Amino acid sequence: MTRDKLNEICFERQKLTVPLEMTITTSNKFPLSQIAEIIKDNLEKIGASVKVENVSLSDLQTNVLAKRDFEILLFGEALGSIPDPFPFWHSSQKDDPGLNISSYASKEADKLLEKAREAQTAEERQTNLETFQDILINDLPAILLVRPDYVYITSDDLGGFAIQKITEPSKRFSTIDQWYIK
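Throughout what follows, the structure given in this document is the object of discussion.

Rules of the game
- Residues numbered from 1 in each chain as written.
- Predicted model: local features only at pLDDT ≥ 70, side-chain atom pairs only at ≥ 80, totals over all residues.
- Heavy atoms only, no water.
- Helix = DSSP H or I, 4+ residues; strand = E, 2+ residues; numbered from the N terminus.
- Buried < 20%, exposed > 50% of the residue type's maximum accessible area, 1.4 Å probe, protein only.
- Contact = heavy atoms within 4.5 Å.
- Areas by Shrake-Rupley, 256 points an atom, 1.4 Å probe, with all protein chains shown as cover.
- Lys, Arg positive; Asp, Glu negative; His and termini not counted.
- Charge placed at Lys NZ, Arg CZ, Asp CG, Glu CD.
- Pairing = 2+ DSSP bridges.
- Right-handed = clockwise from strand over helix to strand, strands pointing away.
- Salt bridge = Lys/Arg side-chain N within 4 Å of Asp/Glu carboxyl O.

## Here's the deal with the overall build of the protein chain
Right, so step 1: The number of helices and strands found in the protein chain is 6 helices and 5 strands.
Right, so step 2: Reading the secondary structure of the protein chain in the N-to-C direction produces α-β-α-β-α-β-α-α-α-β-β.
Right, so step 3: When the backbone C-alpha atoms are referred to their principal axes, the protein chain occupies close to 95 × 40 × 30 Å.
Right, so step 4: When the 182 residues of the protein chain are sorted by exposure, 25% land in the buried category.
Right, so step 5: Put simply, of all contacts in the protein chain between residues at least 6 apart along the chain, 51% involve residues at least 24 apart.
Right, so step 6: Working note: accessible area of the protein chain is about 13,600 Å², and carbon and sulfur atoms make up 53% of it.
Right, so step 7: Counting 21 positive and 29 negative side-chain charges, the protein chain places the averaged centre of each group 4 Å from the other.

This is the structure:
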């Protein structure tokens, strides 16, 4: 014990330094590749070494997602106008071809997702999804970064254009058959 104490006092212990290195894999499509570069720049400011791997959408689907082959994945989740997060978060979807790519598993969350799908009313569905959302936020299996807003400018002369919830860009034309110019 004396020798150990003397060694502790007399000889400086070498500190083990482990570099923080990571690869962000994402699609080579806008805006994901640009967002990945912003994340990389910010992480490098705190001393991390970051590589961004931009891959085609087909390569992302067949090699990265199917094999769950990534360190950090920057990816999007497309929910429709009636959101169904089941494919992205239910534990039954952890393996390919399921979309639960973070391999998230929670019995409580699974039950809520199932109840939301079986709900007889919109209110019941909303209650189940909101409770699920609270669990997901608490468990944090992924970091949700961005939800884009779709903003479209129209002329005052355009009639019949219905302002509605647009969940994807192509939906902006869903009522085009009702548009007219004064």
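## Looking at the pairing of strand S1 (residues 21-27)
Where a strand is regular, its side chains alternate between the two sheet faces.
Right, so step 1: Counted residue by residue, S1 has 6 buried out of 7 residues, so it is predominantly covered.
Right, so step 2: In the sheet, S1 pairs with strand S2 (residues 49-55) via 7 bridges, with the strands oriented parallel. When the bridges of S2 are listed, Met22 appears paired with Val50.
Right, so step 3: Note on the crossover from S1 through helix H2 (residues 32-45) to S2: the handedness is right-handed.
Right, so step 4: In this sheet, strand S3 (residues 72-74) lies alongside S1 in parallel orientation, the contact comprising 3 bridges. When the sheet's bridge partners are listed, Thr25 is paired in S3 with Leu73.

## Things to note about the environment of Glu21
Right, so step 1: Checked against the element boundaries, Glu21 lands in strand S1.
Right, so step 2: Along the backbone, Glu21 and Leu65 are 44 residues apart, and their C-alpha atoms lie at a distance of 21 Å.

## A short note on the pattern of salt bridges
Right, so step 1: Counted under the stated rule, the structure contains 2 salt bridges.
Right, so step 2: Here Arg117 ties to Asp84 by a salt bridge, and the two come within 2.6 Å at their closest N and O atoms. Separated by 33 residues along the polypeptide, Arg117 in helix H5 (residues 107-118) and Asp84 in the loop between S3 and helix H4 (86-89) bring together distant segments of the chain.
Right, so step 3: Given a relative accessible area of 46%, Arg117 falls into the partly exposed group.
Right, so step 4: Overall, the relative accessible area of 25% leaves Asp84 in the partly exposed class.

Function-wise, these values are silent; they only describe arrangement.
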